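# Per-entry structural report
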Amino acid sequence: TPAPTTGSSIGTFASASPPNGYKADYTTIITGSNVNSNTALTMYGKYPNFRTDVAVNANGTTINTRAYFEVGGDKTYTCSDYGGTWSCSDNTAYEAYSSPATQASDPDFTFEADGTMVVAGENGTCFKGQRVSKPEQTFKFCYTTDGILVYSVSNSGQGYTNEMTATSVVRGIDNSVFTLPA
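From a predicted model like this one, the values you see are computed outputs, not experimental measurements.

### Quick word on the pattern of salt bridges
Scanning the entire structure with this criterion turns up eight salt bridges. Residue aspartate 90 is joined to lysine 75 by a salt bridge in which the shortest nitrogen-to-oxygen separation is 3.8 Å. Here the residue aspartate 90 occupies a position in strand S6 (residues 85-92), and lysine 75 occupies one in strand S5 (residues 75-82), the gap between them amounting to 15 residues. According to the relative accessible area criterion, aspartate 90 is partly exposed, its value standing at 42%. Of the charged contacts in the structure, one is a salt bridge between glutamate 112 and lysine 128, with a shortest N-O distance of 3.6 Å. Of the two residues, glutamate 112 is situated in strand S7 (residues 109-119) and lysine 128 in strand S8 (residues 122-131); the sequence distance between them amounts to 16 residues. Relative accessible area serves as the criterion here: at 47%, glutamate 112 is assigned to the partly exposed category. Taken together, the salt bridges that share partners define one network made up of Arg51, Asp53 and Arg66.

Dropping the structure here:
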């Protein structure tokens, strides 16, 4: 995918992908009434394949979860590690994965340029937006020119905020990261 240029839309940035893929680590903070969560998250991407890893600690037990999907594919997979044993299930894929790239062409979302920021040593071009039908829902996304999300924040309009900040970015990954665990 060619690199976006200054003046490109959020859809152009969100649709870009490094040719050799990437791995990005993030901290995710969710705040709101009765919620204050800080979670580590890792994303792998090598178009059209994507994987997201999350480790959740619940009552002293850590559960590792992975989600796999292929853009344009007909299935998504969710795998969880319960005490060293992986279990995977497949699900019918969403017809239109709700990413900034798909939101960019959805008339219910508006986006405009919102400057730049450096996150995890990466230059990000930022866009802010909102949902037309629910203007209290706001978003901000920042991408590298080769399409790696380095920062996002969304406000639900109901008192919840979800902020995701990259802590490291590595380009070049092996296809084996998209193999479901045995």
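### Structural notes on the packing of aromatic side chains
Tallied over the entire structure, the rule returns four aromatic pairs. Seen from their ring centres, phenylalanine 109 and phenylalanine 139 are 5.8 Å apart, and the 55 degrees between their planes marks the pair as tilted. One end of the pair, phenylalanine 109, is in strand S7; the other, phenylalanine 139, is in strand S9 (residues 138-143), with 30 residues separating them in the sequence. Summarising the burial analysis for this pair, phenylalanine 109 and phenylalanine 139 share the class buried. Taking 6.2 Å as the distance between ring centres and 10 degrees as the angle between the ring planes, the aromatic pair formed by phenylalanine 139 and phenylalanine 141 counts as stacked. Both residues of the pair, phenylalanine 139 and phenylalanine 141, count as buried. Ring pairing ties together the aromatic residues Phe109, Phe111, Phe139 and Phe141, which thus form one cluster.

### Observations regarding the pairing of strand S10 (residues 149-155)
For S10, a buried count of five out of seven residues is recorded, marking the element as mostly surrounded by other parts of the structure. Pairing between S9 and S10: six bridges, direction antiparallel. The residue of S10 that forms the bridge with lysine 140 is valine 153. Counting the residues between successive antiparallel strands, the hairpin from S9 to S10 contains five residues, one of them, glycine 147, with a positive phi of roughly 95 degrees. In the sheet, S10 pairs with strand S11 (residues 161-171) via five bridges, with the strands oriented antiparallel. The partner of valine 153 across the bridge, within S11, is glutamate 163. Count of turn residues in the S10/S11 antiparallel hairpin: five residues, of which glycine 157 carries a positive phi of about 85 degrees.

### Topic: the state of the cysteines
Taken as a whole, this structure holds two disulfides when the rule is applied. Across the disulfide, cysteine 79 is cross-linked to cysteine 88 (sulfur-sulfur distance 2.1 Å). The S-S bond linking cysteine 79 to cysteine 88 shows a torsion near 110 degrees; that makes this disulfide right-handed. For cysteine 88, a relative accessible area of 34% puts it in the partly exposed group. Each bonded cysteine in the chain gets a number by its place in the sequence, and the pairs come out as 1-2, 3-4.

Each value, and the rule that gives it
Residues numbered from 1 in each chain as written. Predicted model: local features only at pLDDT ≥ 70, side-chain atom pairs only at ≥ 80, totals over all residues. Heavy atoms only, no water. Salt bridge = Lys/Arg side-chain N within 4 Å of Asp/Glu carboxyl O. Helix = DSSP H or I, 4+ residues; strand = E, 2+ residues; numbered from the N terminus. Buried < 20%, exposed > 50% of the residue type's maximum accessible area, 1.4 Å probe, protein only. Phe/Tyr/Trp six-rings, centres within 6.5 Å; stacked < 30°, edge-to-face > 60°. Pairing = 2+ DSSP bridges. Disulfide = S-S within 2.5 Å.

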